[in-house]
Amino acid sequence: MFRVSRTSGRPAILAIVYNDGGVASPFIADLGYRLRDSGAAVAGIVPYRSATPLDGKCSIEVEELASRFVLQLADEAGTHPFGCRVDPEAISEAAALISASLHKTPSVVIFNKFGKLEVAGGGLRETISEAIALGVPTIVGVPRRHLACWREFTQGIGEEAQVGSPRLYQWLAAHKIMIACDEEADDDYRSAAVRAAG
């Protein structure tokens, strides 16, 4: 069970639920960068916004938003039966960077994916638990195929939103987290902020 030490009551957890990773990945990256550009104290990892496309489907780079460190989590694995090889040292480094950032009391932390490693008990699962236990508002990308495992992991106390849903902006406004928005999203955010303040 999570023991929330920084806040009382229900932990602030939001799953961004998706079917298509090709849509969700840039959406979650954009969310993280817009939060940081808005001046929010944001931690966690999102797909790296690189000006130079990487070669290979397995060249996965992420950026830890607070430290601005960029890590390559996976690469082409040659004869590996699943085609890609996740670098355990990079995962450990990402976990250490996020953990260090969590103890600087960020306004929000983002994890790009609750994937098969987390479902199996590895990956960044313990770091997600740490964020929740510290009471840091936590946003996690969750593939729909892993949603049942996610709900079990969070003991059913998390909230959920679809990619692009106004529910995201309502959640941010409810937790007083500011974000730079495009025109359409700005209307959603302002309406949510008014409701949250009232």
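Cut-offs used in this document
- Residues numbered from 1 in each chain as written.
- Predicted model: local features only at pLDDT ≥ 70, side-chain atom pairs only at ≥ 80, totals over all residues.
- Heavy atoms only, no water.
- Helix = DSSP H or I, 4+ residues; strand = E, 2+ residues; numbered from the N terminus.
- Buried < 20%, exposed > 50% of the residue type's maximum accessible area, 1.4 Å probe, protein only.
- Contact = heavy atoms within 4.5 Å.
- Polar contact = N/O pair within 3.5 Å; in protein donor to acceptor, adjacent residues only side chain to side chain.
- Expected span 1.5 Å × (residues − 1).
- Salt bridge = Lys/Arg side-chain N within 4 Å of Asp/Glu carboxyl O.

Caption draft 1: Seen up close, the side chain of Asn-112. Mapped onto the fold, Asn-112 is located in the loop between β6 (108-111) and α3 (116-119). Using a relative accessible area of 19% as the deciding quantity, one classes Asn-112 as buried.

Caption draft 2: Up close: the environment of Ala-90. Relative to the helices and strands, Ala-90 resides in helix α2 (residues 88-102). Through-space distance from the C-alpha of Ala-90 to that of Ala-74 is 8.4 Å; in sequence the pair is 16 residues apart. Beyond its immediate chain neighbours, meaning those up to four positions away, Ala-90 contacts Leu-71, Gln-72 and Leu-73.

Caption draft 3: Quick peek at helix α6 (residues 166-174). Of all the positions in α6, only Leu-168, Tyr-169, Trp-171, Leu-172 and Ala-173 are classed as buried. The N-cap residue of α6 is Ser-165: its side-chain oxygen and the backbone nitrogen of Arg-167 are 3.0 Å apart. After α6 finishes, the residue Lys-176 shows a positive phi value of roughly 55°.

Caption draft 4: Focus on α2. Over its 15 residues, α2 extends 21 Å from the first C-alpha to the last, a length consistent with the 21 Å expected when each residue adds 1.5 Å. Two or three places before Glu-89, at the opening of α2, Asp-87 has a side-chain oxygen 3.0 Å from that residue's backbone nitrogen.

Caption draft 5: Fine view of the pattern of salt bridges. On inspection of all chains with the given rule, the structure shows 4 salt bridges. Among the salt bridges present, the one from Arg-34 reaches Asp-30, with a minimum N-O distance of 2.7 Å. Here Arg-34 and its partner Asp-30 are both found in helix α1 (residues 21-37), 4 residues apart, which amounts to about one turn of the helix. Looking at Arg-34, the relative accessible area reads 13%, which means it is buried. Here Glu-159 and Arg-167 are joined by a salt bridge, their closest N and O atoms 2.1 Å apart. Take Arg-167: its relative accessible area is 25%, and that puts it in the partly exposed class.

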